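# Residue-level structure breakdown
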Amino acid sequence: MVSTDFLAITPEIAVAVLALLLVAVALLLPQGARKGLVPLNVFGLLGILAYTVYDFFFGKMGPVFRGMYYHDQFADFFKILFLTAAILVILSSREYIGKWPAYRGNFYALLTAAILGMMIMASSADLLTFYVGLELMTITFYILVGYLPHDGRSSEAGIKYLVLGASSSAILLYGISFIYGLTGSTQLSGIGAQLGSSLTPPIILATVFLLAGLGFKISLVPFHMWAPDIYEGAPTPVTAFLAVASKAAAFAAVIRIYLVTLEHQSFVQTGVALLLILAALTMIVGNLVAIPQKNIKRLLAFSSIAQAGYLMVGVIAESVAGVKGVLFYAMIYVFANMGAFAVATYVGQAQGSDEIRDYAGLARRSPLAAAVMTASVLSLAGIPPLAGFVGKFYLFSAVIHQGYTWIAYVGFVMSMVSVYYYLSVVKVMYLGEGADLPDIPVHGAAKFTMVFTMLITLFIGLYPTPLAQMAISAATSLVK
Amino acid sequence: MNFNLSVGLSTYLLVGAMLFCLGLYGVFVKKNIVAVLMSIELMLNAVNLNFVAFNRFLAVSSVVGQVAALFVIVLAAAEVAVGLALVIAIYRTRHTTNTDEFNWLKW
């Protein structure tokens with residue numbers, strides 16, 4: 001019995017072992033030999049990814065550890081997403097990290113530990129397990145965000161993230177403590193059964209605290225103020241991982257808590273209006289504030305706030321189609337965003353600036369980087385031949401099916417607005433002069449990442465069926 | 001006159017709520033970053049008090065609430081360790097712990 005339970009968490013165990021192995025290897029290897037950490041990490045994660053994909057299709061699913069932990073396709077889908085994102089981050093940032101002092105070898109171990117936290121979040125069936133996973137992820141991210149040596153901006157971003165993240169965790173926990181008091185349980189299924197449909201002030205209080213804490217993690221609009229500062233100050237690969245994987249992990253938890261625990265609760269049924277307004281605000285504010293941004297990382301930060309709004313629309317739909325839309329969109333968002341961040345990382349380390357005006361003439365100086373950036377931002381904007389269009393189509397059609405047509409209109413209009421600022425980056429790259437800026441030849445692992453993300457973005461846009469099938473089976477494993 | 005002076009669940013919840021509000025207030029108004037970290041600890045301790053009180057008064061047979069409090073204590077310690085390390089890192093470049101001067105990143 002117990003042995004099969006441990007079999008179900010093989011990926012988690014493997015990731016934990018890999019993280020510890022990386023710490024040990026980074027300490028034991030001589031200074032010059034630390035380049036070996038990248039292949040070790042990448043191939044380790046590739047092996048775990050292969051196992052997780054196998055597990056997704058053929059694994060034996062069900063709750064394990066007395067219902068403390070879910071082993072289902074929904075969790076596996078997110079694990080595939082985290083591992084893919086991590087591999088792309090590591091590959092795209094090899095040159096960037098290579099410039100750091102040698103004692104920064106623990107970067108890879110920390111990154112791997114963050115993946116473990118995300119996996120626990122996606123699988124947790126208990127609010128306590130969820131909280132431990134969340135803290136493992138966020139505490140690791142506090143370190144990673146403030147990781148640049150002798151860079152005041154990085155330290156400042158780290159400390160801001162720590163103060164805001166820890167406060168939001170405290171608010172989340174205060175909500176959890178009331179839910180425990182109301183139901184006598186921290187297990188999601190037990191809470192769902194106990195809460196019932198009565199609407200009392202303590203239930204409202206607990207739900208609002210829970211929503212505020214989770215809203216911070218997915219940067220829903222009233223709780224989004226941290227994102228731009230932290231995204232700008234953090235090392236670019238960390239920003240990429242934060243924007244892609246940390247947000248997806250928080251969404252995995254939000255979907256599970258929302259659909260399993262709060263589904264029958266009358267607060268949610270009456271409070272859908274509140275969530276709709278928050279989602280609409282997130283889309284509007286994220287897209288409008290992105291327009292005047294001058295820094296590419298800040299622009300992508302506001303774009304990722306807007307993307308959280310689109311994803312929230314799918315959660316509100318509360319159906320298989322909605323969850324499928326969220327899963328599909330989260331996955332293509334990984335490839336589109338990783339493409340953009342791979343270019344930002346590479347160009348940033350080559351010319352020491354993240355300002356958009358320094359991208360002038362990139363099409364001439366580095367045609368591949370400019371093409372990948374263009375494909376990525378057009379996919380984020382949802383232009384038809386690319387994957388982003390299919391994802392937005394799934395999300396908005398799911399929510400229209402539930403009868404909330406106006407939010408889909410808000411989404412359409414805001415997608416049009418987003419085209420403007422995405423294309424302004426493209427305009428700078430293709431029409432700008434940039435005569436005094438250096439040529440940036442792209443090679444090595446970064447080149448592979450860029451080409452790979454662009455091809456996947458195109459491929460899923462033209463032939464979305466396989467990924468959509470996976471998303472549907474993952475969604476049906478959660479929504480009964 | 002018959003006053004009810006027994007210490008019940010609501011007393012603990014009230015103290016917890018006061019601690020939580022005090023912590024939240026501290027996070028917003030304190031100028032020193034170390035004091036802000038201490039305020040966050042206050043909020044987390046309010047949570048612990050809630051968990052233990054709910055466990056003691058509502059679910060005597062189980063220990064879930066006490067276990068939760070232990071988890072929170074451990075994770076809060078990890079958080080504050082990282083927090084102090086970051087305070088030292090930023091002090092090296094700015095020579096200050098005043099939150100008002102952490103203003104290089106702004107829009």
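Residues numbered from 1 in each chain as written. Chains lettered and ligands numbered in written order. Predicted model: local features only at pLDDT ≥ 70, side-chain atom pairs only at ≥ 80, totals over all residues. Heavy atoms only, no water.

## Thoughts on the packing of aromatic side chains
Residue and element names in this part refer to chain A. As a reminder, the rule being used: Note on aromatic contacts: the rings of Phe and Tyr and the six-membered ring of Trp form a pair at centre separations within 6.5 Å, being stacked when their planes are under 30 degrees apart, edge-to-face when over 60 apart, and tilted otherwise. Going along the chain from the N terminus, every DSSP run of H or I of four or more residues is numbered as a helix, and every run of E of two or more is numbered as a strand. Only protein chains enter the accessibility calculation, which uses a 1.4 Å probe; a residue whose area is less than 20% of its type maximum is buried, one above 50% is exposed, and one in between is partly exposed.
A complete count under the given rule lists 32 aromatic pairs over all chains for this structure. Taking 5.3 Å as the distance between ring centres and 15 degrees as the angle between the ring planes, the aromatic pair formed by Tyr 161 and Trp 226 counts as stacked. With Tyr 161 in helix H8 (residues 152-183) and Trp 226 in helix H11 (residues 226-233), this residue pair connects regions lying 65 residues apart in the sequence. Each member of the pair Tyr 161 and Trp 226 is classed as buried.

## Observations regarding the pattern of salt bridges
Residue and element names in this part refer to chain A. Counted only if it meets this: Any Lys or Arg side-chain nitrogen located within 4 Å of an Asp or Glu carboxyl oxygen qualifies as a salt bridge.
What the rule picks out here adds up to 10 salt bridges over all chains. Between Asp 72 and Arg 256 there is a salt bridge whose closest N-O contact spans 3.2 Å. Taken together, the residues span a long stretch of sequence, with Asp 72 in the loop between strand S2 (69-71) and helix H4 (73-92) and Arg 256 in helix H12 (residues 236-261) at a distance of 184 residues. Residue class for Arg 256 comes out buried when judged on its relative accessible area of 2%. With its nearest N and O atoms 2.9 Å apart, the salt bridge here joins Lys 160 to Glu 156. Taken as a pair, Lys 160 and Glu 156 lie in helix H8 at a separation of 4 residues, close to a single helical turn.

## Examining the UniProt feature "transmembrane region" (unreviewed entry) in chain B
To keep things clear, this is the line we draw: UniProt positions are given in the numbering used here, feature names are shortened, and annotations may be inferred rather than shown by experiment.
Under the UniProt annotation, "transmembrane region" (unreviewed entry) lies at residues 6-27, 34-54 and 66-91 of chain B. Span residues 66-91 of chain B is 100% helix and 0% strand, its end C-alpha atoms 37 Å apart.

## Notes on the packing of H4(A) against helix H15 (residues 320-351) of chain A
Residue and element names in this part refer to chain A. Put simply, the test is: Every axis corresponds to a line fitted to the C-alpha atoms, with the helix fit spanning only the stretch in contact, and the corresponding angles, defined between N-to-C directions, vary from 0 to 180 degrees. Should an angle fall under 35 degrees it is called roughly parallel, over 145 degrees roughly antiparallel, and 65 to 115 degrees roughly perpendicular, with every other angle called oblique. Contacts are assigned to residue pairs that have any heavy atoms within 4.5 Å of one another.
Put simply, H4 and H15 touch, their axes get as near as 10 Å, and they point 5 degrees apart. Judged on the interaxial angle alone, H15 and H4 are roughly parallel. Of the residues in H15, those touching H4 at Phe 74, Phe 77, Phe 78, Ile 80, Leu 81, Thr 84, Ala 85, Leu 88, Val 89 and Ser 92 are Val 323, Leu 327, Ala 330, Met 331, Val 334, Phe 335, Met 338, Ala 342 and Thr 345.

## Things to note about the interface of chain B and chain A
Heads up, the condition is: We define a polar contact as two N or O atoms separated by no more than 3.5 Å, with the added condition that, inside protein, one atom must be a possible hydrogen donor and the other a possible acceptor, whereas residues neighbouring each other in sequence contribute only through side-chain atom pairs. Amino acid classes used here: Ala, Val, Leu, Ile, Met, Phe, Trp, Tyr, Cys and Pro are nonpolar; Asp, Glu, Lys and Arg are charged; the rest, including Gly, are polar.
Of the residues lining the interface, 42 residues belong to chain B; the matching set on chain A comes to 38 residues. Across the chain B-chain A interface, the total number found is 1 salt bridge. A salt bridge links B:Arg94 to A:Glu156; its shortest N-O distance comes to 2.6 Å. At the boundary of chain B and chain A, one finds 4 residue pairs in polar contact (both at pLDDT 80 or more). With 16 residues, helix H3 (residues 64-94) of chain B is the largest single contributor of residues to the side of chain B that touches chain A. A class-by-class count of the residues in the side of chain B that touches chain A yields 31 nonpolar, 8 polar and 3 charged.

## Section: unusual backbone geometry
For A:Ser219, which is not a glycine, the phi torsion comes out positive at approximately 50 degrees. Structurally, A:Ser219 can be placed in the loop between helix H10 (201-217) and H11. For A:Ser219, a relative accessible area of 1% translates into the label buried. For B:His95, which is not a glycine, the phi torsion comes out positive at approximately 55 degrees. Summarising the element assignment, B:His95 is placed in the segment after H3. For B:His95, a relative accessible area of 59% translates into the label exposed.

## Observations regarding the environment of B:Asn50
Examined against the element boundaries, B:Asn50 turns out to sit in helix H2 (residues 33-58). A relative accessible area of 0% means that B:Asn50 is categorised as buried. In this structure the C-alpha to C-alpha distance between B:Asn50 and B:Glu101, which are 51 residues apart in sequence, comes to 35 Å. With residues near it in sequence (within four places) discarded, B:Asn50 still touches A:Tyr174, A:Ser177, A:Phe178, B:Leu13 and B:Gly16.

## What to know about a nonpolar patch on the surface
Selection rule: Patch building starts from residues that exceed 30% relative accessible area and form no salt bridge, then joins like charges within 9 Å and nonpolar side chains (Val, Leu, Ile, Met, Phe, Trp, Tyr) within 5 Å. Methods summary: accessible areas were calculated by the Shrake-Rupley approach with a probe of 1.4 Å, and residue burial reflects only the protein chains presented.
Taken together, B:Val63, B:Val67, B:Leu70, B:Phe71 and B:Ile73 make up a surface patch of nonpolar side chains, about 430 Å² in accessible area. Judged by relative accessible area, B:Leu70 falls into the exposed class, the value being 55%.

## With respect to helix H2 (residues 10-28) of chain A
All names here are of chain A. Keep this limit in mind: Helices are assigned an expected span. That span is 1.5 Å times one less than the residue count. Directions from the helix axis toward the C-beta atoms define the arc.
Under the 1.5 Å per step criterion, the end-to-end length of H2 is 27 Å for 19 residues, consistent within 8% with the ideal 27 Å. Among the residues of H2, Pro 11, Glu 12, Val 15, Leu 18, Ala 19, Leu 22 and Ala 26 are the ones counted as buried. Down the axis of H2, the smallest arc covering the buried residues is 120 degrees, so these residues share one side. Across from the buried face of H2, at angles greater than 90 degrees, the exposed residues are Leu 20, Leu 27 and Leu 28.

## Some points on the environment of A:Val315
All names here are of chain A. Relative to the helices and strands, Val 315 resides in helix H14 (residues 296-316). Taking the C-alpha atoms as reference, Val 315 lies 23 Å from Ala 240; in sequence the two are 75 residues apart. Contacts of Val 315, omitting those with residues within four sequence positions, involve Phe 251, Val 254, Ile 255, Tyr 258 and Val 326.

## Some thoughts on the packing of H8(A) against H3(B)
Put simply, the rule is: Definitions for this section: a left-handed crossing has its near helix turned counterclockwise from the far helix by less than a right angle. A right-handed crossing has that turn clockwise.
Closest axis-to-axis distance for the H8(A)/H3(B) pair is 9 Å, and the angle between their directions is 165 degrees. Compared by their axis directions, H8(A) and H3(B) come out roughly antiparallel. Between H8(A) and H3(B) lies a crossing whose hand is left-handed. Of the residues in H3(B), those touching H8(A) at A:Gly152, A:Arg153, A:Ser155, A:Glu156, A:Gly158, A:Ile159, A:Leu162, A:Ala166, A:Leu173 and A:Tyr180 are B:Val64, B:Gly65, B:Val72, B:Glu79, B:Val82, B:Gly83, B:Leu86, B:Val87, B:Ala89, B:Ile90, B:Thr93 and B:Arg94.

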